Amino acid sequence: RRHPAFGCRPEPQAERKDTNEAATRRGDDDERQEVMGKDIELAILFADVVGSTRIYEVMGDLRARDMILTCVEIMRAATEHNHGTVIKTIGDEIMATFPTANDAINAGSRMQHDIRIHAELKVEGQPIAIRIGGHFGPVVLVNRDIFGAGGLHPLDGAHRDEPPPGPIRPAV
């Protein structure tokens with residue numbers, strides 16, 4: 001059975017492994033080195049705040065910065081709650097990995113929900129929206145960064161094509 005959002009088979013819960021997270025937690029340099037530079041299958045989630053430039057224009061620099069930081073913290077919490085690892089944040093963006101596509105989908109859904117209902121994350125009466133994209137498949141993990149397998153090009157935000165905010169979108 002293929003996961004409808006990422007086009008992959010969901011991994012059974014009992015077989016889930018997050019090798020990098022487990023190695024990092026144990027501090028086992030040998031195991032971490034074994035994973036780094038190797039092709040592994042992960043779900044990658046990209047999320048960013050929609051219209052952050054306008055948020056700064058309307059709310060002013062200090063208030064907008066606080067709102068963006070709150071959004072990023074909500075995205076980080078949803079990632080960690082769903083067995084994910086934040087790889088990097090840049091401004092209003094987050095890139096995270098997950099052991100399964102289901103975990104990534106659940107994290108994205110939680111991000112959208114928690115940001116939408118947060119009382120202080122409204123601009124001109126409208127809730128802030130986030131745009132989410134994802135990918136599942138082979139990647140290379142090097143020094144806590146993710147690169148596309150088959151060539152060391154960085155995986156960068158699925159949001160670059162600027163789809164409208166709304167449903168979580170798989171990378172094609």
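Preceding block: the structure.
Rules used throughout
Residues numbered from 1 in each chain as written. Predicted model: local features only at pLDDT ≥ 70, side-chain atom pairs only at ≥ 80, totals over all residues. Heavy atoms only, no water. Helix = DSSP H or I, 4+ residues; strand = E, 2+ residues; numbered from the N terminus. Contact = heavy atoms within 4.5 Å. Axes fitted to C-alpha atoms, helices over the stretch in contact; angles between N-to-C directions. Left-handed = near helix turned anticlockwise from the far one by under 90°. Nonpolar A, V, L, I, M, F, W, Y, C, P; charged D, E, K, R; others polar. Salt bridge = Lys/Arg side-chain N within 4 Å of Asp/Glu carboxyl O. Buried < 20%, exposed > 50% of the residue type's maximum accessible area, 1.4 Å probe, protein only.

Draft legend 1. Expanded view of the side chain of S52. Tracing the sequence through the fold places S52 in helix α3 (residues 52-59). Those residues in contact with S52, other than ones at most four positions away along the chain, are I68 and D92.

Draft legend 2. Looking closely at the packing of helix α4 (residues 61-81) against helix α5 (residues 101-117). In contact at an axis separation of 9 Å, α4 and α5 are set at 145° when each is read in the N-to-C sense. Here α4 and α5 pass one another in a crossing that is right-handed. Across the interface between the two elements, C71, I74, M75, A78, T79 and H81 of α4 pack against A107, R110, M111, D114 and I115 of α5. For the contact of α4 with α5, the residue count by class is 7 nonpolar, 2 polar and 2 charged.

Draft legend 3. Broad picture of the pattern of salt bridges. Taken as a whole and judged by the stated rule, the model has 6 salt bridges. With a closest N to O distance of 3.3 Å, D145 and K88 form a salt bridge. In this pair, D145 sits in strand β7 (residues 145-148) while K88 sits in strand β2 (residues 85-90), placing the two residues 57 residues apart along the sequence. Among the salt bridges present, the one from R110 reaches D114, with a minimum N-O distance of 3.3 Å. Placement of the pair is R110 and D114 together in helix α5, with a separation of 4 residues, close to one helical turn. When its relative accessible area of 33% is taken as the criterion, R110 is described as partly exposed.

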